[in-house]
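# Inside the fold
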Amino acid sequence: MADADILYTAVLEHMQGGVLAIGMDGRVQAFNPAAERLLGCSPERLRGELFASLFFDNPANDGFTQTVLNAIYDAEDRHNQDVEYHRPDGPIWLNVTTSVLWTPELPGAEATKAGVVVLFVDITERKAAEAALRRVNDELERRVDERTRDLAATNYALKLEIAERVRAQERLAHLADHDALTGLPNRRLFEQRLGEAIDAGDGFALLYLDLDGFKPVNDTHGHATGDWLLKSVSRRLAVCVRDTDTLARLGGDEFAVLLRSSLAEDGVLTVVQRIIEHISEPYHAEPDIVLRIGVSVGFALQPQADGALSKRRARALGLRELVQAADAAMYEAKRAGRGTWRKAARPHS
């Protein structure tokens, strides 16, 4: 047993961790050199003293003291906690483990709590490393967040630029096929639609329109009023045709309509009469300016192709001949007194 005591004493003396044995009365009963060194207390101060009074003069060590006292009065056998401990030469971190000391079990009697053993090791370097790692992680997260925000801003700006380019391309594509003043299809798009109708072999009507009296209005009231009048005419023409038809401005005061929804001549004449009536109604440019114009209409009918032979004839007739026929009919209407219509003679292949 003496050898065992010597061995235990040697172990305690050479342990890097501090060890305290505290009785149920709260007094220090035993300690090792590492406890003296880590706690910064002399043997005279530790031996037999109330543990709570050892650090009473330094409120910063209340956490360390309370951790040990909790182990004395708590029913749990074991506690483990990291605690900051303040010595005269500066603060350190201790990992504190407390274990209950029990009296030996005797026959007929239960073991009772005799005190606690407190083991504490210096983990200041570990805590410093953890703090440094946290700082590195925080800095990394900050940089990632900052980079993410930068990328998000760049991505957003790129999306805006792409969207603006798409809109610009769409505007350019629209301007290539539409009249800048009225927004109606221009001659290029109208002739494309007309060619598609011819290729399809469906029956349709082609209307050519020329405004009567527009030039005097433009000369008298100026181009701004003339532009306003052209846009007003466009709106009135739009209500005279269907969505399946194509209304276009060919240039100046000339318009054209492709009626793909009106196959019979009576239906075409109904649209033509509606156009003449709507266009001839007064235009109130300003409260004291009333403008009056008319329109001359020429139209040509393209019958529905019947079979491959008729389709070949429709293609042979072609766009140019059909346009010339409608245009000639429109000039006949002008020579007839304006504000009226004429039907083109049926072209032959």
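Our subject is the structure that appears above.
Let me sum up the structure you'll find in this document. (Residues numbered from 1 in each chain as written. Predicted model: local features only at pLDDT ≥ 70, side-chain atom pairs only at ≥ 80, totals over all residues. Heavy atoms only, no water.)

## Here's the deal with the packing of helix α8 (residues 214-221) against helix α9 (residues 223-238)
- Where α8 meets α9, the closest approach of the two axes is 6 Å, and the angle between their N-to-C directions is 140°. In this view, α8 runs oblique relative to α9, as classed from their interaxial angle. When α8 is examined against α9, the residues Phe 214, Val 217, Asn 218 and His 221 are found in contact with a partner set consisting of His 223, Thr 225, Gly 226, Leu 229 and Leu 230. (Axes fitted to C-alpha atoms, helices over the stretch in contact; angles between N-to-C directions. Helix = DSSP H or I, 4+ residues; strand = E, 2+ residues; numbered from the N terminus. Parallel < 35°, antiparallel > 145°, perpendicular 65-115°, else oblique. Contact = heavy atoms within 4.5 Å.)

## Looking at the pairing of strand β6 (residues 204-212)
- β6 sits mainly inside the fold: nine of its nine residues count as buried.
- Neither face of β6 is open: one carries Phe 204, Leu 206, Tyr 208, Asp 210 and Asp 212, the other Ala 205, Leu 207, Leu 209 and Leu 211, and all of them are buried.
- Bridging between β6 and strand β11 (residues 294-302) involves nine bridges; their strand directions are antiparallel. Across the sheet, the residue bridging to Asp 210 is Ser 296, located in β11.
- As paired strands, β6 and strand β8 (residues 254-259) are joined by six bridges and run antiparallel to one another. When the sheet's bridge partners are listed, Leu 206 is paired in β8 with Leu 258. (Buried < 20%, exposed > 50% of the residue type's maximum accessible area, 1.4 Å probe, protein only. Pairing = 2+ DSSP bridges.)

## Concerning the sheet that holds β11
- Read from one edge of the open sheet, five strands run β7-β8-β6-β11-β12, paired in mixed fashion. Two strands in the sheet have a free side with no partner beyond their single neighbour: β7 (246-251) and β12 (341-343). Pairs of neighbouring strands in the sheet enclose a mean axial angle of 20°, with direction left out of account.
- Here five bridges tie β7 to β8, and the two strands are oriented antiparallel to one another. Bridge pairing links Ala 248 to Ala 256 in β8.
- This element, helix α10 (residues 265-280), spans β6, β8, β11 and β12 of the sheet and lies at about 165° to β11.

Geometric values such as these leave the question of function open.
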